[in-house]
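Here is how the chains run, residue by residue.
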Amino acid sequence: MSIQPSRASAASVGQAPGWWRRAVVYQVYIRSFADANGDGVGDIAGIRSRLAYLRDLGVDAIWVNPWYPSPMVDGGYDVADYRAIDPAYGTLDDARLLIREAHDHGLRVLGDIVPNHTSAEHPWFREAVASAPGSPARERYVFRDGRGPGGEEPPNNWPSVFGGPAWTRVASAGGGPAQWYLHLFDPGQPDLNWENGEVRAEFEAILRFWFDLGLDGFRIDVAHGLAKDATLPDLPPDADPSVPEDDHPFWGQDGTHSVYRAWRRIAEAYGADRVFIGEIGPMGPDGQARLARYLRPDELHQAFNFDFLRAPWDAAKLRSVIDATLAPLAEVGAPPTWVLSNHDVTRHATRYGRPYSGLEAWETWVERQPADRALGLRRARAAALLMLALPGAAYVYQGEELGLGEVEDLPEELLQDPTWERSGHEWRGRDGCRVPIPWSGDAPPFGFGPSGCTPWLPQPAGWRGHTVEAQADDRTSMLELYRTALRIRRTHPGLAGEELTWLASPPGTLVFERGAGLRCAVNLSGAAVPLPTARTTLLRSDAGDEDPLPPDAAAWYVGR
Ligand code: NOJ
């Protein structure tokens, strides 16, 4: 029996243009969220079984990481078929049901589109490898002859984000010289050529396919990477390959904007409530202004704010990121966004417990100092109140509402992230933030799957105190902090608008006012600071409501 598309049920989430401007979007890393069939891998049926949890948490939407058929060399960001679901996750009918039921729970569903590269197992790439140099099949990707006698050197010096060169040589096909293909990530992720009309048309058709199925929008993977400098120039030897300076040959090239203008027209044809969120950056100095160029009214709706995620726990640095975000985005009429964690970086409850709590680059493997777990958790609680009090949209990564930390002692033989191999075992990679999350019980699998199932990455025994079951109804728990904060955010008129006014406050603290006299105070100094006496406290990240506000705590209150 075929299940009908779920467009009709979109009415249950309401036709609300602009809903995304102040939404809280929950990131579902599907592999690690909930496993219904007990194979140790999360699936769509698992997500469906937890929709009531997400509704009660109080988020507006979910973004589901890639769920397409994939050889999984990079956690599904190597897509072999953009119009199907990987059998480990379910079927297209499961996806239809998920969308329909999510809408019935008042939740919107965003997919994850991966346009920079396909899988090396995608039929297009297989065809390209089997075809001659210069053939239309090769033109869909970035194939070039090598340098040096016999073409044995890569065409240029670009590095792969995962380590090693960004080029791999294929065997000679069709009698021509053996060429190289570009992969900014793993060799299993060949970059597409976005100068190619067929590539553009194919992705537009893919977007329509999923919009027809009922998706409310997409997170766009590597959104600033599609266009490359066609001359493929070498990177200067001292260039930071991860940061797009003005003339960077593969990050932030202007050619990408016309792609998003076309995509925006497609989204608008489905309704003003379909949305694109770009994974862009980090964008280097002047980054937010560069980001704003992607958020002009006829391009993407919003983009992740990686400058906020990367900032250390430092009042001046956070304030400068917040200011640097608000002004340029306001100029293009785009809402700011805020994010503390995702599936690519060390979880912030661990990061904030380190002597240096920022990320120099966005990769998780950069910072490896030991973490003070209790300190990290206190700061993560305060950071949640900071993030959720800011105007605009916020992104919550699954498990941050449970206070999960990074799992740093995964056995080496279980590591799956391609960075582990590509870096010659120098970078352990991102598996530590992708461990299946704990729902209930005293021992693994902690309700992630049916008892007896073995999660694809092992869960720490210490997570027994972090399960949803253990935290529910405990007013001191991280889960209840998030639930309360999200309820206030939804219902308090002070958090409805887009205004923010900084108030004078002691060094090392952040105090700002939103609407209706609602204030947020965050203490990042080493000393307690007084709060106004005539106030009504709405929420504190620390246990009590006594004056003064201790270090690494935050408060929402109304009053002067
Ligand atoms: C960004 C994704 O978030 C990350 O997980 C992936 O490895 C790269 N893009 C490549 O697709």
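Here the structure is a predicted model, which means the values were calculated and not measured.

The rules behind these values
- Residues numbered from 1 in each chain as written.
- Predicted model: local features only at pLDDT ≥ 70, side-chain atom pairs only at ≥ 80, totals over all residues.
- Heavy atoms only, no water.
- Helix = DSSP H or I, 4+ residues; strand = E, 2+ residues; numbered from the N terminus.
- Rg over C-alpha atoms; globule rule 2.2 N^0.38 Å.
- Buried < 20%, exposed > 50% of the residue type's maximum accessible area, 1.4 Å probe, protein only.
- Contact = heavy atoms within 4.5 Å.
- Areas by Shrake-Rupley, 256 points an atom, 1.4 Å probe, with all protein chains shown as cover.
- Lys, Arg positive; Asp, Glu negative; His and termini not counted.
- Charge placed at Lys NZ, Arg CZ, Asp CG, Glu CD.
- Phe/Tyr/Trp six-rings, centres within 6.5 Å; stacked < 30°, edge-to-face > 60°.
- Lys NZ or Arg CZ within 6 Å of the ring centre and 35° of its normal.
- Salt bridge = Lys/Arg side-chain N within 4 Å of Asp/Glu carboxyl O.
- Near = heavy atom within 4 Å.
- Polar contact = N/O pair within 3.5 Å; in protein donor to acceptor, adjacent residues only side chain to side chain.
- Nonpolar A, V, L, I, M, F, W, Y, C, P; charged D, E, K, R; others polar.
- pLDDT = per-residue confidence, 0-100.
- Pairing = 2+ DSSP bridges.
- Axes fitted to C-alpha atoms, helices over the stretch in contact; angles between N-to-C directions.
- Parallel < 35°, antiparallel > 145°, perpendicular 65-115°, else oblique.
- Left-handed = near helix turned anticlockwise from the far one by under 90°.

**Focus on the overall build of the protein**
Now for step 1: Looking only at helices and strands, the protein features 15 helices and 16 strands.
Now for step 2: Against the 2.2 N^0.38 benchmark of 24 Å for 560 residues, the protein shows a C-alpha radius of gyration of 23 Å, consistent with a compact globule.
Now for step 3: Along the first, second and third principal axes, the C-alpha atoms of the protein reach 80 × 55 × 50 Å.
Now for step 4: Within the protein, buried positions represent 62% of all 560 residues.
Now for step 5: Restricting the contact set of the protein to residue pairs at least 6 apart, pairs at least 24 apart contribute 69%.
Now for step 6: As displayed, the protein offers around 19700 Å² of accessible surface, 53% of which is attributable to carbon and sulfur atoms.
Now for step 7: Separation of charge centres in the protein, based on 54 positive and 76 negative side chains, amounts to 5 Å.

**What to know about the packing of aromatic side chains**
Now for step 1: Applying the stated criterion to the full structure yields 31 aromatic pairs.
Now for step 2: Look at Phe211 and Tyr270: their rings are 5.0 Å apart centre to centre, the planes differ by 35°, and that puts the pair in the tilted class. With a gap of 59 residues between them, Phe211 in helix 6 (residues 197-213) and Tyr270 in helix 7 (residues 256-270) connect regions that are remote in the sequence.
Now for step 3: Judged by its relative accessible area of 16%, Tyr270 falls in the buried class.
Now for step 4: Residues Phe304 and Tyr395 carry aromatic rings whose centres are separated by 4.9 Å and whose planes lie at 75° to one another, so their mutual orientation is edge-to-face. A residue pair is termed long-range when its members are at least 10 positions apart, and Phe304 in the loop between strand 9 (302-303) and helix 9 (306-310) and Tyr395 in strand 11 (residues 393-397) qualify at 91 residues.
Now for step 5: A cation over a ring is seen here: Arg50 above Trp439, with NZ or CZ 4.0 Å from the ring centre.
Now for step 6: Note that Arg138 overlies the ring of Phe143, its terminal NZ or CZ placed 4.5 Å from the centroid.

**Focus on the side chain of Asn116**
Now for step 1: Within the fold, Asn116 resides in the loop between strand 3 (108-113) and helix 4 (123-130).
Now for step 2: Beyond its immediate chain neighbours, meaning those up to four positions away, Asn116 contacts Leu184, Phe185, Pro190, Asp191, Leu192, Trp194, Val222, Gly225, Leu226 and Lys228.

**Quick word on the pattern of salt bridges**
Now for step 1: Considering all chains together, one arrives at 30 salt bridges under this definition.
Now for step 2: As a salt-bridge pair, Arg293 and Asp254 come within 3.2 Å of each other at their nearest N and O atoms. Of this pair, Arg293 sits in the loop between helix 8 (287-292) and strand 9 while Asp254 sits in the loop between strand 7 (217-220) and helix 7, placing them 39 residues apart in sequence.
Now for step 3: For the salt bridge of Asp417 with Arg430, the shortest nitrogen-to-oxygen distance reads 2.6 Å. With Asp417 in the loop between strand 11 and helix 13 (418-422) and Arg430 in the loop between helix 13 and helix 14 (468-471), the pair connects residues that are 13 residues apart, well separated along the chain.
Now for step 4: According to the relative accessible area criterion, Arg430 is buried, its value standing at 6%.
Now for step 5: When salt bridges that share partners are traced, they join Asp74, Asp344, Asp417, Arg430 and Arg434 into one network.

**With respect to the site of the ligand**
Now for step 1: Not every one of the 15 residues close to the ligand is listed here, only the nearest: Asp74, Arg219, Asp221, His343 and Asp344.
Now for step 2: At a separation of 3.0 Å, an oxygen atom of the ligand approaches a polar side-chain atom of His117.
Now for step 3: Take Arg219: an N or O atom from its side chain is 2.9 Å from an oxygen atom of the ligand.
Now for step 4: Considering the ligand on its own, with 300 Å² of exposed area, one finds that the protein chains cover 99% of that surface.
Now for step 5: Looking at the shell around the ligand residue by residue, the classes come out as five nonpolar, three polar and seven charged.

**Describing the confidence of the model for the protein**
Now for step 1: When pLDDT is averaged along the protein, the result is 93; 95% of the residues meet or exceed 70.
Now for step 2: The low-confidence segment residues 1-11, where pLDDT is below 50, has 27 contacts with residues more than four positions distant or belonging to other chains.

**A closer look at the sheet that holds strand 7**
Now for step 1: Here eight strands make up an open sheet; going across it, the order is 9-8-7-3-2-1-11-10 and the pairing parallel. On the outer flanks of this sheet lie strand 9 and strand 10 (337-339), each paired with one strand and no other.
Now for step 2: Here four bridges tie strand 7 to strand 8 (residues 275-278), and the two strands are oriented parallel to one another. Opposite Gly217, over in strand 8, you have Val275 as the bridge partner.
Now for step 3: Helix 7 rests against strand 3, strand 7 and strand 8 of the sheet, and its axis sits at about 150° to strand 8.

**What to know about the packing of helix 12 (residues 373-389) against helix 15 (residues 478-491)**
Now for step 1: Following both chains from N to C, one finds helix 12 and helix 15 inclined at 10°, their axes separated by 10 Å at the closest point. When the interaxial angle is binned, helix 12 and helix 15 end up roughly parallel. Between helix 12 and helix 15, the contacting residues are Leu377, Ala380, Arg381, Ala384, Leu385, Met387 and Leu388 on the first element and Met478, Leu481, Tyr482, Ala485, Leu486 and Arg489 on the second.
Now for step 2: A per-class count over the contact of helix 12 with helix 15 returns 11 nonpolar, no polar and two charged.

**Observations regarding the packing of helix 6 against helix 7**
Now for step 1: Packing of helix 6 against helix 7 brings their axes to within 11 Å, and their N-to-C directions diverge by 25°. Considered as vectors, helix 6 and helix 7 are oriented roughly parallel to each other. For helix 6 against helix 7, the interelement crossing comes out right-handed. The segment helix 6 lies against helix 7, with Arg200, Phe203, Glu204, Leu207, Arg208, Phe211 and Asp212 engaging Ser258, Val259, Ala262, Trp263, Ile266, Ala267 and Tyr270.
Now for step 2: When grouped by side-chain class, the residues that make up the contact of helix 6 with helix 7 number nine nonpolar, one polar and four charged.

**Remarks on the sheet that holds strand 12 (residues 501-502)**
Now for step 1: Overall, antiparallel pairing links the five strands, which are arranged 12-13-14-16-15 in an open sheet. For this open sheet the edge positions go to strand 12 and strand 15 (535-540), each flanked by a neighbour on one side alone.
Now for step 2: Relative to strand 16 (residues 553-559), strand 15 is paired through five bridges, and the arrangement is antiparallel. Paired with Arg535 across the two strands is Gly559, which belongs to strand 16.
Now for step 3: Those strands touched by helix 10 (residues 315-332) are strand 12 and strand 13 (509-513), and its axis lies near 35° from that of strand 13.
Now for step 4: Here helix 12 sits on the sheet in contact with strand 13, strand 14 (518-523), strand 15 and strand 16, set at roughly 45° to strand 16.

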